[in-house]
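Here is what each chain is made of, one letter per residue.
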Amino acid sequence: MSETGEPVVDKPGSQHLTHALWAAFWMYGGRACGMVWTLALVGQLGIADYGKYAMAYAVYSLIGSPIDNLFVVRSVRESEEHFLSDRATRYLLGVGFMAVGLALLEVNYVAAFGLFVSGGELTLKAWESRSLRDGHPHKAAQIDTGRQFASVVPACIYLFAVPHPTLQVATSILVAPYVLTALWVGPIALRHRPGIPGSPRLIAILVGETFAIMAGVQGDLLLLGWLTNSTTAGYYGICTTVTLAIVAVGQTFGMSYNQALRDGDGHVSAGPPLKGTVLLGVAAGVLVLITGLVMMVVPAVPEELAVAMTIMSLFCAMRTISTVFQAVLYNQHRDGVRLIANFSIVPIRLGLVALLVGAGAVGAAIAAVITDALLLAIYVRVLYRKPVA
């Protein structure tokens, strides 16, 4: 705060965009690695097996991501003591989920993979949390990209070196580096006593918020696969993989303002500038649009996939802006607003997917665009509406 009591606002030429772009550089190195994995998996095992993998990954999104969100939000706004306690709890939960995933390996592939990745990501994010708390998303992105390369390279070698590779073995190799991560992070995280990360009400709100988000983003994929087949789910899975990889730059841009927003008591003027946020969203959408248009002129790409990707460019633009707005809402402690907003659009989105199931991946993409437009409208109204005189 300034001496006059006004929130401290960083100058437009501050280091935030630089940090976000540097984080994006590392992040997209990891995303590029992930796309290589996607192409290798589809090329060697087929779109149907990729569809099964995408559905298994969706399980992680519905379990691991909601739990991790609790720690993400608290890490950027709570005291140092609570942060260290939460980090230890985050790590122990991760190890627990990894153990359960291993126990289910011979029972159900989808559940086992989803739980193991949930645990692995919790341990990895416990390691990255210090950098994110201090407003340095580029450092966290470096860690994440290193893990991606350590996972994808040996998994791809297996796919191309073995005469008859299988999905289960390939993905087992893919997630193996999480074990090394857990061994490395343990001594760091467990220096401090674990504790309960907030009140039951706060836990329910923060976990519920991301569950609602993922129920829309990944629940629609599971519903689509159940109503159609793994091939259609695979098409839509490729669309969401590409789109969400690009959307991530919005999250890094917003999180680069964590310290400034804490110092400015969450005031919107202390956060990302609106013009820059909108331009970032437009640029993200254009990238997906170009991808879809290129797919349309490539004969080998199915028309359903190309059209769905083109439509998802609108989703990408809006979701990128929404993720920046979320960073401001986190620091304003407006947890209930985010929870209600995200939960309210889930039944609409899933209902639209069911209604448009005849259009397959294209219908799911249309549902994503409609519901994200509603979410963005809610966020804009909450953050920028003028008080009544």
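Enquirer: Provide a residue-level description of the overall build of the chain, including the pertinent values.
Expert: When helices and strands are tallied, the chain shows 15 helices and 0 strands. Considering the chain as a whole, with its 389 residues, one finds that 56% of them fall into the buried category. Partitioning the contacts of the chain with sequence separation of at least 6, the portion at a separation of at least 24 is 79%. For the chain, the accessible surface area stands at approximately 16,500 Å², while carbon and sulfur atoms represent 70% of it.

Enquirer: Describe in detail the nonpolar core, supporting the description with residues and values.
Expert: One broad rule of soluble globular proteins: the nonpolar side chains tend to lie buried together. Ranked by size, the top nonpolar core spans 82 residues in total, and within it W37, L41, Y53, L159, Y236 and M312 carry the most contacts. It is helix α13 (residues 303–331) that provides the largest number of residues to this core, a total of 13 residues. In this structure, L41 is in contact with G46, Y50, Y53, L159 and L167, ignoring residues within four places of it in sequence. Counting residues in each nonpolar core, the second largest holds 10 residues, with I67, F71, L115 and L122 among its members.

Enquirer: Report on a nonpolar patch on the surface, specifying residues and quantitative values.
Expert: Among the surface-exposed residues, L274, V278, V282, V286, L289, I290, L293, V294, M296, V297 and V298 lie close enough to one another that they form a single nonpolar patch of about 880 Å² accessible area. With respect to the secondary-structure elements, L274 resides in helix α12 (residues 274–296).

Enquirer: Go over the packing of aromatic side chains with me, naming the residues and quoting the values.
Expert: A full pass over the atoms with the stated rule returns 8 aromatic pairs. Centre to centre, the rings of Y53 and Y57 are 6.2 Å apart; their planes meet at 35°, and the pair counts as tilted. Here Y53 pairs with Y57, and both are found in helix α2 (residues 47–77), just 4 residues apart, close to one helical turn. Summarising the aromatic geometry, the rings of Y53 and F113 are spaced 5.5 Å apart at their centres and angled 65° between planes, so their arrangement reads as edge-to-face. Here the residue Y53 occupies a position in helix α2, and F113 occupies one in helix α4 (residues 109–133), the gap between them amounting to 60 residues. Accessibility classification places Y53 together with F113 in one group, the buried group.

Enquirer: Which residues make up the pattern of salt bridges, and what values do they have?
Expert: The tally for this structure, following the rule as stated, stands at 11 salt bridges. Of the charged contacts in the structure, one is a salt bridge between E121 and R147, with a shortest N-O distance of 3.7 Å. In this pair, E121 is assigned in helix α4 and R147 in helix α5 (residues 137–161), connecting sequence segments 26 residues apart. The salt bridge involving E128 is made with K125; its shortest N-O contact spans 3.4 Å. With E128 and K125 both in helix α4 and 3 residues apart, the pair spans about one turn of that helix. On the basis of relative accessibility, which here comes to 3%, the residue E128 falls in the buried class.

Enquirer: Break down α4 for me, with residues and values.
Expert: Taking 1.5 Å per residue as the helical rise, α4 with its 25 residues ought to reach 36 Å, and the 35 Å between its terminal C-alpha atoms agrees with that figure. Considering bend angle alone, the principal kink of α4 is centred on W127 and spans about 40°. Where burial is concerned, most of α4 is hidden: 21 out of the 25 residues are buried. By the N-cap criterion, in which a side-chain oxygen at the helix start approaches the backbone nitrogen of a residue two or three places on, α4 is capped by N108, the distance to V110 being 3.1 Å.

Enquirer: Give a detailed account of the confidence of the model for the chain, specifying residues and quantitative values.
Expert: Confidence in the prediction of the chain, expressed as mean pLDDT, is 84, and 89% of residues score 70 or more. Scored below 50 in pLDDT, residues 1–13 shows 16 contacts in the model against residues more than four places distant or in partner chains.

Here is what the cut-offs are and how they apply
Residues numbered from 1 in each chain as written. Predicted model: local features only at pLDDT ≥ 70, side-chain atom pairs only at ≥ 80, totals over all residues. Heavy atoms only, no water. Helix = DSSP H or I, 4+ residues; strand = E, 2+ residues; numbered from the N terminus. Buried < 20%, exposed > 50% of the residue type's maximum accessible area, 1.4 Å probe, protein only. Contact = heavy atoms within 4.5 Å. Areas by Shrake-Rupley, 256 points an atom, 1.4 Å probe, with all protein chains shown as cover. Core = buried A, V, L, I, M, F, W, Y, C linked by side-chain atoms within 4.5 Å. Patch = residues over 30% accessible without salt bridge, like charges linked within 9 Å, V, L, I, M, F, W, Y side chains within 5 Å. Salt bridge = Lys/Arg side-chain N within 4 Å of Asp/Glu carboxyl O. Phe/Tyr/Trp six-rings, centres within 6.5 Å; stacked < 30°, edge-to-face > 60°. Expected span 1.5 Å × (residues − 1). Bend = angle between axes of the 7 residues up to and from the residue. Polar contact = N/O pair within 3.5 Å; in protein donor to acceptor, adjacent residues only side chain to side chain. pLDDT = per-residue confidence, 0-100.

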